[in-house]
Amino acid sequence: MTKFLLAVHVLAAIVAIGPVTVAASMFPPAARRALAAPEDARAAETLSLLHRICRVYAVVGVVVPVFGFATAGQMGVLGDTWLVVSIVLTVLAALVLGVLVLPRQEALVENGGTPAATARLAMVTGVFNLLWATVTVLMIVRPGSTTGA
């Protein structure tokens, strides 16, 4: 059962979190292009599409920690420091996405913006991606694990 839960957890992370990180990273440059050419309908459509991808996959991404907790429970590592740190970083990443990235994307889609607004969005998106990268490394390295890695 542990291998199944772990496989679902990893697949969910790849399928759900991957698209959010990529689409969120693509959004600020696309926003800059849309601001530079306000008459370009395709640029506006691209922004809307990237924002929709981020919103939908953010919701789908909820399954990642659900299967993560199930896997950790099966493995008996719920109290391990690396997992607690990963959980905290995951919560921070979710907050950055839900409170900073998605609302700023929505504001740019609906109202346009400024180059400074796209730069701030790029910064918080980078923080979001850095948090996920750190969680990924912790999940692979698992300090104190018996994998020999």
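Quick caveat: nothing in here was measured; it's all calculated off a predicted structure.

Caption draft 1: Region of interest: the overall build of the protein chain. Along its length, the protein chain carries 5 helices and 0 strands. Taken from the N to the C terminus, the helices and strands of the protein chain come in the order α-α-α-α-α. Residues counted as buried form 34% of the 149 residues belonging to the protein chain. For the protein chain, the accessible area works out to roughly 8400 Å², and carbon and sulfur atoms hold 71% of it.

Caption draft 2: The arrangement of the packing of aromatic side chains in detail. Inspection of every chain in the model, using the stated rule, returns 1 aromatic pair. Ring plane angle 85 degrees and centroid distance 6.5 Å describe the contact between Phe-128 and Trp-132, whose orientation is recorded as edge-to-face. Highlighted residues: Phe-128 and Trp-132, both in helix H5 (residues 115–141), separated by 4 residues, approximately one helical turn. For the pair Phe-128 and Trp-132, a shared accessibility class is recorded, and that class is buried.

Caption draft 3: Looking closely at the environment of Ala-30. Topologically, Ala-30 is positioned in helix H1 (residues 2–36). Assessed through its relative accessible area of 4%, Ala-30 is described here as buried. As a C-alpha pair, Ala-30 and Val-56 span 26 residues in sequence and 19 Å in three-dimensional space. Ignoring any residue separated from it by four or fewer positions in sequence, one finds Ala-30 in contact with Thr-46, Leu-47 and Leu-50.

Caption draft 4: Region of interest: the UniProt feature "transmembrane region" (unreviewed entry) in the protein chain. Summarizing the sequence annotation, UniProt attributes the feature "transmembrane region" (unreviewed entry) to residues 49–70, 82–101 and 121–141 in the numbering used throughout. The span residues 49–70 carries 91% helix and 0% strand; its end-to-end C-alpha distance comes to 33 Å. With 100% helix and 0% strand, residues 82–101 has end C-alpha atoms that lie 26 Å from one another.

Caption draft 5: Quick peek at the packing of H1 against helix H4 (residues 81–111). As a packed pair, H1 and H4 sit with axes 11 Å apart at the nearest point and diverge in direction by 40 degrees. One element, H1, and the other, H4, form an angle in the oblique class. By crossing handedness, the relation of H1 to H4 is classed as left-handed. On the side of H1, the interface is formed by Val-20, Ala-24, Phe-27 and Ala-31, while H4 contributes Leu-97, Val-101, Gln-105, Leu-108 and Val-109. Residue classes in the contact of H1 with H4 are distributed as 8 nonpolar, 1 polar and no charged.

Caption draft 6: How the structure looks around the nonpolar core. Grouped together as the largest cluster of nonpolar side chains are 30 residues, with contacts concentrated most on Phe-27, Val-101 and Phe-128. Every element with two or more residues in this core is listed here: H1, helix H2 (41–60), H4 and H5. For this core, the element with the most residues is H1, which contributes 10 residues. With residues near it in sequence (within four places) discarded, Phe-128 still touches Val-20, Thr-21, Ala-93, Val-96, Leu-97 and Val-101.

Thresholds applied
- Residues numbered from 1 in each chain as written.
- Predicted model: local features only at pLDDT ≥ 70, side-chain atom pairs only at ≥ 80, totals over all residues.
- Heavy atoms only, no water.
- Helix = DSSP H or I, 4+ residues; strand = E, 2+ residues; numbered from the N terminus.
- Buried < 20%, exposed > 50% of the residue type's maximum accessible area, 1.4 Å probe, protein only.
- Areas by Shrake-Rupley, 256 points an atom, 1.4 Å probe, with all protein chains shown as cover.
- Phe/Tyr/Trp six-rings, centres within 6.5 Å; stacked < 30°, edge-to-face > 60°.
- Contact = heavy atoms within 4.5 Å.
- UniProt positions renumbered as here; feature names shortened; annotations may be inferred.
- Axes fitted to C-alpha atoms, helices over the stretch in contact; angles between N-to-C directions.
- Parallel < 35°, antiparallel > 145°, perpendicular 65-115°, else oblique.
- Left-handed = near helix turned anticlockwise from the far one by under 90°.
- Nonpolar A, V, L, I, M, F, W, Y, C, P; charged D, E, K, R; others polar.
- Core = buried A, V, L, I, M, F, W, Y, C linked by side-chain atoms within 4.5 Å.

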